[in-house]
Amino acid sequence: MDKALARSLARRYSQFALLLKHVATDRAATNTIVETSATTSRTYATSTRRKVSYQVQAAPKSRSQRQRARFFYTTAASAAAVTLYYLLSAERRILRADSTKNLPVPLLERDQSLRKTDTSIHPRNSRLTVDSPDEANQILRTNELSSRGKRGSGIVAYHFNQVASNSPIEDDHREALVPDPFHSRAIWSFFGVFDGHAGWATSDRLKRDLIPWVSRALRDAGPLEHDIQTAPYAISRAFTQLDDHLVKDSLRNVLEDKSMPTAAAYQALLPAMHGSCALLSFYDPASRMLHVAGTGDARAIWCHRTPDGTSWAIKQLSLDQTGRTPSEAARLRREHPDEPHVVANGRVLGRLEPTRAFGDARFKWTVEEQQKARKLAYAQAIPKGVRSPPYVTAEPIILSQRIPDGSAASQGFVVMATDGLWELLTNDEICTLVTDWREKHLDRCCPAGDEQALRGSAKSSWVPAFLRESFGVGGATTKILHEKGAESIHPEDSAAQKTPDEDDDSPTPASGKKGKQFTCVDDNVSTHLIRNALGGADHNKLSGLLSLQYPISRSHRDDISVTVVFFGDEDQMAKL
């Protein structure tokens, strides 16, 4: 006999025997049959086998009472036999069905062995590779955002997109066009990208709080067109005050509230313990001034057509602030003269790459404060070498640029992105790609024979018509000139700015072509930049990088967030 069937029959027989015992000794049934007021006494005695004996002492039964009892027992036994037959028959059917599937396991046991990880909907069992251009487009275009500017803002349009490498993504962003409190017909424009590290909580907080704090500081500062330094001073003060609120005020609140649960304390300190770089652009149309505030290693460039119209000029409006930037390393050594290892291997205390950032409380709290935070809220380990914090500041480096009058081409555009883009593309390549997107894609001038690229493109209802009229369309190769920007404030910093790795160890393209292969298939210019950063027309490289899962993906690409802002006046706005 099959072992599973034998175990099942033994279990059923034991259940049947237990049922008969309960029927025979049931007190209520006995009292119903006897129908007397006999005195019943129960005596429990435990035998050596630990069995319980049950004794019932009742008045002598009459003949009719014995007949009724016999009838009840017969009926109960018959019902039990029928129930047992039904259960055994059902068990045999289940086992027979399982045997046809080579699964001789009872149904109950089989259900208990089934786990969620065995189902087809579990992420482990989903297809991870990107095999087709359509699948690549789905990943690249998921987070697309494009919008027109508002009349009176001096902004024609802005595009945004991001692609994650971390899980969850640590980058974030925010755009806001708000009324100018000093000029009724003007609109202030804010654009921010936030590059988180060691977690997402700080960048998430900046997304919600930084622009409101800066806007309030600018409003309190008064009209901005009278003094060019008014806006930079207000922005810098808002940055440092918000960071103090995140790092210092949160810890003080946790230490003062002795009754705060550990989970609540951890949640309150999370934006302080995580970290984030911040890049914020503010455009004031009344003064025609663009102010770019950078804390960390996100970067912004301004590109515009030269007055003679023959070429494009690039100006870097932010500085990569890392331990490898000579001016930043010198500043830290001046502030901590007794700590020769304050910068090691291009990192603060050999650990943190950006020298300016929000959060990162491990490099701002004292050792005593960190010990208290660890006891109350599971704070991170204290870095080795902490002696005289703070080592990291949120004070930004701010550059201001006047946006000229004239056509949208001469006013140009700004590209803001986290370092994940600048590690893959140069400033010149990005400027060229944006102008190429305008000239080629908007006229549907993709290279002849690129049918696969054309299949991936989607038409826009308003961008092509406007930009063709505003910028003018040409087919000439873009000529790039360079204007002195943030990296030229300290000449030694130029060589320390992030550039793509020249040693490209990615697999050889199927086409056999070497080097970067750019393409033009996206209506969103931010998507256009991300696609070409990750491989462009080289589908083998593009699909390979998009297929990588966290944490392996972090060895080959970072989170990438890109905002592109096009400037223009009322006449360009009227063409929308």
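No experiment lies behind these values; they were computed from the predicted model shown.

Colleague: Help me get a handle on the packing of helix α7 (residues 230–256) against helix α10 (residues 367–377), residues and values and all.
Modeller: Where α7 contacts α10, the two axes come as close as 11 Å, and the packing angle between them is 60°. Put simply, α7 runs oblique to α10. α7 and α10 meet at a crossing whose hand is left-handed. Touching Leu251, Val254 and Leu255 of α7 are Glu369, Lys372, Ala373 and Leu376, all from α10. Across the contact of α7 with α10, the residue classes tally to five nonpolar, no polar and two charged.

Colleague: Could you give an account of helix α5 (residues 133–140), naming the residues involved and the relevant values?
Modeller: The periodicity of an α-helix, 3.6 residues per turn, causes residues three or four places apart in sequence to face the same way. Residues of α5 that are buried include every one of Pro133, Ala136, Asn137 and Leu140, and no others. Down the axis of α5, the sector holding all buried residues measures 100°, keeping them to one side. In α5, those exposed residues whose orientation departs by more than 90 degrees from the buried face are Asp134 and Gln138.

Colleague: How would you summarise the nonpolar core if you had to cite specific residues and measurements?
Modeller: Leu210, Val214, Leu218, Phe239, Phe358 and Trp365 are the most contacted members of the largest nonpolar core, which has 38 residues in total. Elements with a minimum of two residues in this core: β4 (187–197), α6 (201–221), α7, α8 (262–273), β5 (275–284) and α10. Counting residues per element, this core draws most heavily on α7, which supplies ten residues. Grouped together as the second largest cluster of nonpolar side chains are 34 residues, Trp312, Leu421, Leu433 and Trp437 included.

Colleague: Lay out the pattern of salt bridges with the relevant residues and their values.
Modeller: Applying the stated criterion across every chain, the model contains 22 salt bridges. Between Asp249 and Arg252 there is a salt bridge, and its shortest N-O distance comes to 2.6 Å. Within this pair, Asp249 and its partner Arg252 are both found in helix α7, separated by three residues, close to a single helical turn. On the accessibility criterion, Asp249 (24% relative accessible area) is partly exposed. Where salt bridges share partners, they join Asp297, Glu353, Asp419, Glu423 and Lys498 into one cluster.

Colleague: Give a description of α8 that names residues and reports values.
Modeller: Restricting attention to buried positions, one finds in α8 the residues Ala265, Leu269, Leu270, Pro271, Ala272 and Met273. Against α6, α7, β5, β11 (358–359) and α10 lie the buried residues of α8.

Colleague: Lay out the side chain of Ser318 in plain terms, naming residues and giving numbers.
Modeller: Following the sequence through the fold, Ser318 ends up in the loop between β8 (312–316) and α9 (326–335). You can call Ser318 buried: its relative accessible area is 2%. A distance of 2.9 Å separates the side chain of Ser318 from the backbone nitrogen of Ala300, its partner in a polar contact. Discounting residues that sit within four places of it in the chain, Ser318 has contacts with Leu279, Ala298, Arg299, Ala300, Ala486 and Gln497.

Colleague: Can you explain the side chain of Gln401? Please cite residues and give values.
Modeller: By the secondary structure assignment, Gln401 is in strand β12 (residues 397–402). Given the relative accessible area of 12%, Gln401 is considered buried. In this structure the side chain of Gln401 is engaged in a polar contact, spanning 2.8 Å, whose partner is the side chain of Lys315. For Gln401, the contacting residues outside a window of four places in its chain are Arg288, Met289, Leu290, Trp302, Lys315 and Leu317.

Colleague: Now, about the state of the cysteines: what can you tell me, with residues and values included?
Modeller: Scanning the model with the defined rule gives zero disulfides in all. There is no disulfide at Cys303, and the cysteine sulfur nearest it, in Cys431, is 3.3 Å away.

Conventions we followed
Residues numbered from 1 in each chain as written. Predicted model: local features only at pLDDT ≥ 70, side-chain atom pairs only at ≥ 80, totals over all residues. Heavy atoms only, no water. Axes fitted to C-alpha atoms, helices over the stretch in contact; angles between N-to-C directions. Helix = DSSP H or I, 4+ residues; strand = E, 2+ residues; numbered from the N terminus. Parallel < 35°, antiparallel > 145°, perpendicular 65-115°, else oblique. Left-handed = near helix turned anticlockwise from the far one by under 90°. Contact = heavy atoms within 4.5 Å. Nonpolar A, V, L, I, M, F, W, Y, C, P; charged D, E, K, R; others polar. Buried < 20%, exposed > 50% of the residue type's maximum accessible area, 1.4 Å probe, protein only. Arc of directions from axis to C-beta. Core = buried A, V, L, I, M, F, W, Y, C linked by side-chain atoms within 4.5 Å. Salt bridge = Lys/Arg side-chain N within 4 Å of Asp/Glu carboxyl O. Polar contact = N/O pair within 3.5 Å; in protein donor to acceptor, adjacent residues only side chain to side chain. Disulfide = S-S within 2.5 Å.

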